[in-house]
Structure formats: C-alpha cells, structure tokens
Amino acid sequence: MSVDAAPVSELPDPRDFGLPVVTEDDLPDELGTLVARVHDLVDAVAHTEAGSAELAQASATVHELTERLNVKRRDIGAMLERPRSDGGADYETLTNVVSGRSNPAAPPLVLEHTDDGVRARVTLNGTYQGPPGLAHGGWVAAMLDQVLGSASAAAGMVGLTANLDVNYRNPTPLNAPLELTARVTGTERRKVFVSAEIRHNGEVTAEGTAVMVRLDVPG
Ligand SMILES: CCCCC/C=C\C/C=C\C/C=C\C/C=C\CCCC(=O)SCCNC(=O)CCNC(=O)[C@H](O)C(C)(C)COP(=O)(O)OP(=O)(O)OC[C@H]1O[C@@H](n2cnc3c(N)ncnc32)[C@H](O)[C@@H]1OP(=O)(O)O
C-alpha cells in the first residue's frame, strides 16, 4: 500500500471541531457506579419474569429516576480527554455506544494501545443477543468498527469510517470473554486502511477491514 501522506503525530483537539471536552476529574466516581448498575438493569429488564405488581413499581421508580437525572444534561458530542504519559492527550466520545464511559448501553469495550495498534477486551451480556444465545451481527460489526477507528486514531489519524467489510467466521458467544485487535495496514492520501479481528479462546469469530477517511481540522 502506498504511503503518500505522513500520519499526523498529534491527535486533533476536539475543541477545534467545536466539541465540548471534559476530563476524568469532571466525572464523579458515582457516575461510573451508576452506569454499571444501569447496564445491569437493562439486562435485568430484558430477562425478568417478575409479576405485574413488581413491574409496575419498577417502572415508576425508573421513570422518577429518569426525570431526576434529566434535570441536568451534558451536551451531545462531549469528548473525554485523558492525559498520556508523553504529555499529549487521548480523546474518546463520552457516550460512544460501544466504549463510552458514561453510556450504560455500551458493553463496554475496554481499549488499550499495543505496539502495532489497539487491543480491547469485552464480555457481552444477553442484551446483545441476535440469534438465540449468540451476539448480534450488527454489534459484532459495531465493535469491529470501533477498534478499527481507534487503531487509526491511535496512529494519529482520526477519521470517519467510509467503508466497512465484515466476515463472520464463527458465532460470537455471549457471556464469554472476547478479545479484539486492530491495526493500520496502510495509508493513501486521506485514506487509512485498517484491519481487525474478534477472538474467543484464540479462535477468530469475525474479522473486519475498513477504509477510514482522515478528518481535516477546520481552518
Ligand atoms: C467529528 C469530529 C471529531 C473530532 C475528534 C477529535 C479527536 C477524536 C479522537 C479520537 C477518536 C477515537 C476513536 C474513534 C473511533 C471509532 C469511531 C467509530 C467510527 C465510526 O463509527 S464513523 C461513523 C460512520 N461513518 C460516517 O458517518 C461517515 C459518513 N461519510 C462521510 O462523512 C464522508 O463520505 C467521508 C468523510 C467518509 C469522506 O468524504 P470527504 O468528502 O471528506 O472525502 P472524499 O469523498 O473526497 O474521499 C476522500 C478519499 O476517500 C475515498 N472514499 C470515500 N468514500 C469511500 C468509500 N465508501 N470507500 C472507499 N473509499 C472511499 C475517496 O475515493 C477519496 O480517495 P482518493 O484520495 O483516492 O481520491
């Protein structure tokens, strides 16, 4: 693959795109606890066999809680800034549906940088079900998209997915540890070519490739 655009060494600052930025200090520990509990709540709701009275009471409690939390809402698009050891910063979308720190709908995918890209670990509960007992193919694609985008960003090239190809090699299990790996395989002008796999017990369940198109910083 030809390389005729040098990767930028620094990630763009989301503020240059007009996005609000928060730091970990802005996030109370209690938010993390709430997110984890609501994540479990969604699973409980999806699978409960409780009776009518119990369900009615739970609905009222949840409705009241929703109204209380909605009193003060964060702007959509908020980015979380995390300082890096080299003095730079990493950014992640706070409510990203796959890995967002404040999103109870996120599995969540926990990402780390590796020598050649990124690795993520995740266990999907029963709310990510597609076929009985198995992960939904759309979620498999979403998780691949996330690590593919993150691998591009980790290499200093933040972009949007222009094309995503997924091959489902084996069923992806629920309630079992999964490992995702992704890396940049080439660049061409603003295009960044990336590839990724999902593994369970070392066996590939799905693999994906994407073309990310690098974003130009406004101005
Ligand atoms: C939003 C601001 C964010 C700022 C954030 C700052 C810091 C953030 C830091 C970290 C973030 C970390 C991780 C992110 C991780 C994961 C996120 C998940 C990824 C997603 O979930 S993302 C959502 C889904 N995604 C979209 O919502 C895209 C919709 N789409 C468009 O917005 C445009 O379509 C765009 C921008 C893609 C291109 O538009 P454009 O006008 O800029 O560029 P243009 O068309 O000129 O193409 C330039 C070159 O790409 C080639 N090209 C174009 N399309 C192609 C295709 N389909 N297949 C193959 N090649 C293609 C052309 O052929 C040309 O190639 P060539 O150079 O060879 O001529």
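Residues numbered from 1 in each chain as written. Predicted model: local features only at pLDDT ≥ 70, side-chain atom pairs only at ≥ 80, totals over all residues.

## Thoughts on the overall build of the chain
Note the threshold: Each helix is a run of DSSP H or I of at least 4 residues and each strand a run of E of at least 2, with the numbering of both proceeding from the N terminus. Only C-alpha atoms enter the radius of gyration, while the globule expectation follows 2.2 Å times N to the 0.38, with N the number of residues. Contact between residues is assigned whenever the C-beta positions, reconstructed from backbone atoms, fall within 7 Å.
Of regular secondary structure, the chain possesses three helices and nine strands. Helices and strands in the chain line up, N terminus first, as β-α-α-β-β-β-β-α-β-β-β-β. In terms of overall dimensions, the chain is globule-like: its C-alpha atoms have a radius of gyration of 19 Å, near the 17 Å expected for 219 residues. For the C-alpha atoms alone, the extent of the chain along its principal axes is close to 65 × 40 × 30 Å. Pairs at least 24 apart in sequence give 64% of the contacts found in the chain among residues at least 6 apart.

## Some details on the sheet that holds strand β3 (residues 89–93)
The test is simple: Two strands qualify as a pair provided DSSP detects at least 2 bridges between them. Inter-axis angles, ranging from 0 to 180 degrees, are taken between N-to-C directions of lines fitted to C-alpha atoms, where helices are fitted over the stretch in contact.
On the basis of which strands lie adjacent, the open sheet formed by three strands has the order β1-β2-β3 and mixed pairing. Two strands in the sheet have a free side with no partner beyond their single neighbour: β1 (21–23) and β3. Taking the axes of each pair of neighbouring strands and ignoring which way they run, one obtains an average angle of 35 degrees across the sheet. Pairing of strand β2 (residues 79–83) with β3 involves five bridges; the strand directions are antiparallel. Residue pairing across strands places Leu80 opposite Glu92, the latter belonging to β3.

## Let's talk about the environment of Ala89
Which entries qualify depends on this criterion: Residue burial here comes from a neighbour count, namely the number of other C-beta atoms, placed from the backbone, that lie within 10 Å of the residue's own C-beta, with 20 or more meaning buried, 12 or fewer meaning exposed, and in between meaning partly exposed.
Along the polypeptide, Ala89 turns up in strand β3. For Ala89, a count of 17 C-beta atoms within 10 Å gives the class partly exposed. Considering only alpha carbons, one finds Ala89 and Pro12, 77 residues apart in sequence, at a separation of 9.7 Å. With residues near it in sequence (within four places) discarded, Ala89 still touches Glu81, Arg82, Pro83 and Arg84.

## What about helix α2 (residues 52–69)?
Filter applied, for reference: Here, expected helix span is obtained from the residue count minus one, scaled by 1.5 Å.
Across its 18 residues, α2 extends 26 Å between first and last C-alpha, which sits within 8% of the 26 Å expected from 1.5 Å per residue. Counting buried residues in α2 gives zero out of 18 residues, a small share hidden from the surface.

## Remarks on the sheet that holds strand β5 (residues 117–123)
If you walk across this open sheet you meet the six strands as β4-β5-β7-β8-β9-β6, and the pairing is antiparallel. What marks the edges here is a single partner per strand, and that holds for β4 (110–113) and β6 (159–168). On average, each strand axis in the sheet is inclined to that of its neighbour by 20 degrees, with strand direction left out of account. In this sheet, strand β7 (residues 177–188) lies alongside β5 in antiparallel orientation, the contact comprising seven bridges. If you follow Arg119 over to β7, its bridge partner there is Thr181.

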